[in-house]
Amino acid sequence: MTTILHDLRYALRSLRRSPGFTLVAILTLALGIGATTAIYSAVNDLLLRPLPFKGGDRLVYVMRQNPNAAFTIAPGARVIDAWRQGAHSLEALEPYAYDRFSLQSGENRTQLTGFEVPSDFLSFLGLSPALGRMFAPDEVKAGGPPVVLLSYALWQRDFGGERSVLGRTIRLNDTLYTVIGVMPSSLQHFEQADVWAPLRMRSGDGRMPAVYSVIARLRPRVTIEQAQQELDAIAERVPGDMFAGWKARVMAPQLFVGGNLREVLPILLGAVGFVLLIACANVALLLLARGAARERELAIRLSLGAARRLLVRSLFMESVLLAVAGGALGLLLAWWGVDALTALRPERLSDLAKVGIDMRVLAFAIAISLGAALLFGVVPAFRATDVQLGDALRSGAPGSGGAARGGRMRNVLVAGEMMLSVVLLVGAGVLVHSLIALQHADLGFQPDGLVTVQTMLPTARYPNAASRTAFTNELVERARSLPGAIGAAISTTAPPDYGMSGFGNVEIEGRGPVSAAPHAVATDRVRADYFHVLGIPMLQGRSFTDAEVETNAPVIILSRGLATRLFPDRPAVGQRIRFGPQGSWETVVGIVGDVAAMGAKGSTRHLQAYDPLGGGLVPLGGNGAIPGMLIVRSTGDIAALAPTLRGLVHSIDPSLPAPNIATVRSHFAAELAAPRFNTILLGIFAALALALAAVGLFGVLSYAVARRTREIGIRVALGAQSGDVRALVVRQGMLPALVGLGLGIVAALFATRVLASLLYGVAPRDTAAFVAAGLVLLATALVACYLPARR
């Protein structure tokens with residue numbers, strides 16, 4: 001211990017004598033460690049940490065997956081009941097459903113999100129209400145009393161956290177609900193919701209059964225694969241299952257991380273790992289130069305009898321001190337970085353709001369700091385003590401064997417830095433090219449000038465199809481008469497969101513079931529002028545007539561992609577199809593163009609089917625929320641149209657909550673926010689890596705020029721031109737840079753494959769990205785080489 005303390009004091013004195021070197025080394029390490037720790041904190045919270053509930057490491061979500069595709073759906077009520085009764089691999093299984101509510105307070109109405117859950121949902125998670133009680137068994141039965149639990153956040157925000165809220169009645173969807181409790185605050189880690197209502201499971205209709213999200217807990221020592229096999233066997237025995245043949249998909253909760261964070265976070269962690277390696281290489285270069293400058297000092301100590309292992313240990317202690325200081329500063333930078341990630345994240349990446357620094361992240365920061373000390377400290381320590389005593393004591397003439405070996409080591413490190421920089425630059429370039437392709441994607445319709453107005457109709461006020469149809473008819477007619485409006489239509493959804501209500505096999509009259517795999521069929525209910533308003537081209541046949549819409553006639557319009565898949569050898573118009581054995585036969589009357597839907601992985605073309613929106617809008621969930629989407633095309637100022645449309649809805653029914661109004665362009669911009677955010681982050685890390693690599697190359701050449709000052713002076717005295725001397729130095733620096741460039745291009749050919757799932761319209765081996773990355777690195781290397789050469 002005494003010896004270690006002695007080495008520590010000596011290392012501190014040595015670093016104090018070189019404040020410039022010490023500061024640069026600490027800052028370089030802090031950048032690498034800070035960036036790596038910040039991204040790891042997101043990986044830790046979102047991908048590694050189990051849910052903070054009972055048996056959180058065994059909690060899973062259960063879905064059903066098309067055996068011919070990666071598309072998954074929530075299971076239906078019959079299958080869920082069979083699983084609950086017969087699955088021995090599961091300790092427990094709980095369904096739940098998303099719902100929407102309109103909260104009325106005086107004259108104000110607020111739209112809320114909610115979940116329907118069974119009575120034992122909280123006990124399944126090992127939780128208790130923060131206030132009050134959970135649902136009683138009779139309250140989750142059909143026809144049960146209207147009771148509700150508030151989320152902890154809503155209780156605090158709108159009810160002041162008062163305990164007197166218990167027993168109070170609140171008006172949701174024009175129905176009085178009794179507040180019986182408040183959900184625990186820890187439940188916010190599970191799902192974001194404002195209110196929680198009883199789950200009263202329904203059967204659905206002939207085309208689409210009611211489906212429910214399912215969370216389950218595996219029994220100890222049961223694997224996901226074993227659970228899937230058992231659930232598949234049980235589902236095969238369920239009679240009348242519309243999704244017969246679909247496989248169970250048991251997934252860890254981390255697979256549900258929002259946006260494409262689950263895929264991009266490991267990539268970003270690898271990117272900042274490259275930055276950390278480059279930072280370590282830079283510090284190693286500094287230590288090699290420092291060791292060469294101390295060659296005479298170390299030779300004297302060796303000649304006086306100091307053991308080489310003691311000198312190595314003393315020099316390595318300096319590296320440990322640098323790593324500890326860099327780690328401490330890096331942890332502070334990581335703290336700020338996490339705050340920046342949270343503040344700058346797109347709204348759709350709400351999961352990033354959960355990220356923070358905890359003990360696991362602190363342990364990670366300490367581990368990578370000590371690992372960095374080993375990476376950049378051991379080799380320079382051994383290299384610095386490998387001196388030729390005779391040459392070193394004669395003032396360490398340049399050109400000695402030790403200096404030559406040090407030069408080779410420095411070139412290797414520079415080449416490695418350049419190689420890692422190229423990989424990051426190419427990755428960032430590919431993502432940039434993909435983002436540009438997404439922004440200019442052909443959407444299949446005309447989004448400019450389109451405004452969407454989402455309304456929520458309570459079933460208490462609109463109990464039947466006639467009342468809902470009257471409301472939508474009046475809304476459309478008034479919207480058409482607005483100044484600047486050139487068309488209006490009503491539907492259940494609007495691009496880029498689509499209702500998924502047709503799945504699996506489509507039955508063709510006279511031919512039997514035909515698989516629509518590998519895609520699900522997205523269905524929408526629309527009015528006759530929907531295609532004209534959105535600018536979707538009618539390719540064959542015709543649109544719906546007003547009479548077909550009003551009577552909900554058994555007719556259907558298909559997108560070109562779905563028509564081609566179902567009828568590859570004959571015209572689709574005039575054919576009759578139905579979805580599932582319980583569905584109604586519908587005649588195909590038209591074929592329209594494919595419409596794009598943006599997502600985390602890029603623009604996709606749904607297999608789309610359109611039904612007449614006859615009989616009014618369809619309720620969502622079991623608590624009376626009926627969503628409707630008014631779409632208006634305007635030639636005027638879209639921003640100025642928003643308050644007019646809001647007033648239009650309230651002029652028809654002042655009791656309705658304020659509608660959500662947005663442009664279609666803003667919807668697609670929101671879809672692009674996550675890819676743009678990912679591209680910016682990777683671009684920042686690539687720029688940081690390139691800057692560190694350039695600084696390393698500049699430092700190596702500056703050191704080499706300083707070591708060769710006498711030699712260069714002799715060359716000039718013998719007649720060498722300044723241009724020749726500059727060319728000599730530039731060649732010396734560009735050689736490892738070019739080697740690194742070549743190795744980096746080869747490495748990037750393989751590394752960019754991991755980006756394939758994030759790309760749209762661009763191949764991982766995108767030529768433009770490779771060329772751009774090569775040119776940027778060459779230009780940066782030339783500047784880094786020219787400055788020392790000019791000196």
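Everything that follows concerns the structure shown earlier in this document.
Now for a quick tour of the structure. Bear in mind that the values here come from a model prediction, so they are computed numbers and not experimental data.

**Brief notes about the overall build of the chain**
Working step 1: When helices and strands are counted, the chain shows 21 helices and 25 strands.
Working step 2: Burial analysis of the chain (791 residues in total) assigns 52% to the buried set.

**Side note on the pattern of salt bridges**
Working step 1: Throughout the structure, instances matching the rule amount to 13 salt bridges.
Working step 2: With a shortest N-O distance of 3.8 Å, glutamate 162 and arginine 168 are connected by a salt bridge.
Working step 3: Salt-bridge contacts for arginine 576 lead to glutamate 509; the nearest nitrogen and oxygen are separated by 2.8 Å. Residue arginine 576 is found in strand S19 (residues 576-579), and its partner glutamate 509 is found in the loop between strand S14 (505-508) and strand S15 (512-515); the two are separated by 67 residues along the sequence.
Working step 4: Residue arginine 576 is classed as partly exposed on the basis of its relative accessible area of 30%.
Working step 5: Among the charged side chains, a salt-bridge network with shared partners connects Arg58, Glu91 and Arg217.

**Remarks on the side chain of aspartate 194**
Working step 1: Inspection of the secondary structure puts aspartate 194 in the loop between strand S8 (175-182) and strand S9 (195-198).
Working step 2: Despite its burial, aspartate 194 pairs with no opposite charge, the nearest such side chain being arginine 157 at 4.1 Å.
Working step 3: Ignoring any residue separated from it by four or fewer positions in sequence, one finds aspartate 194 in contact with Leu112, Thr113, Leu150, Ser151, Leu154 and Arg157.

**A few points about helix H3 (residues 77-86)**
Side chains that are three or four residues apart share a direction in an α-helix, a result of its 3.6 residues per turn.
Working step 1: Residues of H3 that are buried: Ala77, Val79, Ile80 and Trp83. Mapping the buried residues of H3 onto a view down its axis gives an arc of 160°, with all of them on the same face. Exposed positions of H3 whose direction lies more than 90 degrees from the buried face are Arg78 and Gln85.
Working step 2: Here the buried face of H3 lies against strand S1 (59-65), strand S3 (90-105), strand S10 (213-218), helix H6 (224-235) and strand S11 (247-251).

**A look at unusual backbone geometry**
Working step 1: Notably, arginine 221 is not glycine yet its phi reads approximately 70°, a positive angle.
Working step 2: Among the structural elements, arginine 221 can be located in the loop between S10 and H6.
Working step 3: Assessed through its relative accessible area of 79%, arginine 221 is described here as exposed.
Working step 4: The phi torsion at asparagine 552 lies on the positive side, around 55°, for a residue other than glycine.
Working step 5: In this fold, asparagine 552 is placed in the loop between helix H15 (546-551) and strand S18 (555-559).
Working step 6: A residue is classified by how much of its surface remains accessible, and asparagine 552, at 38% relative accessible area, is partly exposed.

**Brief notes about a nonpolar patch on the surface**
Working step 1: There is a patch of nonpolar side chains on the surface, built from Phe698, Val783, Tyr786 and Leu787 and spanning about 360 Å² of accessible area.
Working step 2: Here the nonpolar patch takes 3 residues from helix H21 (residues 767-790), the largest share from any one element.
Working step 3: Of note, leucine 787 is situated in helix H21.
Working step 4: Since its relative accessible area comes to 45%, leucine 787 is described here as partly exposed.

**Comments concerning the nonpolar core**
Working step 1: Counting residues in each nonpolar core, the largest one holds 67 residues, and the members touching the most others are Leu352, Met418, Phe685 and Leu697.
Working step 2: Of all elements in the fold, only helix H2 (19-48), helix H7 (261-293), helix H9 (308-344), helix H12 (401-439), helix H18 (664-707), helix H20 (722-751) and H21 reach the threshold of two or more residues within this core.
Working step 3: Examining the composition of this core, we find that 14 residues originate from one element, H18, more than from any other.
Working step 4: Contacts of leucine 352, omitting those with residues within four sequence positions, involve Ala42, Leu46, Leu261, Leu341, Thr342, Arg345 and Phe677.

**Quick look at the packing of aromatic side chains**
Working step 1: For the structure shown, the criterion picks out 11 aromatic pairs.
Working step 2: Centroid distance tyrosine 40 to phenylalanine 364: 3.9 Å. Interplanar angle 10°. Geometry classified as stacked. With tyrosine 40 in helix H2 and phenylalanine 364 in helix H10 (residues 359-384), the pair connects residues that are 324 residues apart, well separated along the chain. In terms of burial, tyrosine 40 and phenylalanine 364 fall into one category: buried.

Criteria and cut-off values
Residues numbered from 1 in each chain as written. Predicted model: local features only at pLDDT ≥ 70, side-chain atom pairs only at ≥ 80, totals over all residues. Heavy atoms only, no water. Helix = DSSP H or I, 4+ residues; strand = E, 2+ residues; numbered from the N terminus. Buried < 20%, exposed > 50% of the residue type's maximum accessible area, 1.4 Å probe, protein only. Salt bridge = Lys/Arg side-chain N within 4 Å of Asp/Glu carboxyl O. Lys, Arg positive; Asp, Glu negative; His and termini not counted. Contact = heavy atoms within 4.5 Å. Arc of directions from axis to C-beta. Patch = residues over 30% accessible without salt bridge, like charges linked within 9 Å, V, L, I, M, F, W, Y side chains within 5 Å. Areas by Shrake-Rupley, 256 points an atom, 1.4 Å probe, with all protein chains shown as cover. Core = buried A, V, L, I, M, F, W, Y, C linked by side-chain atoms within 4.5 Å. Phe/Tyr/Trp six-rings, centres within 6.5 Å; stacked < 30°, edge-to-face > 60°.

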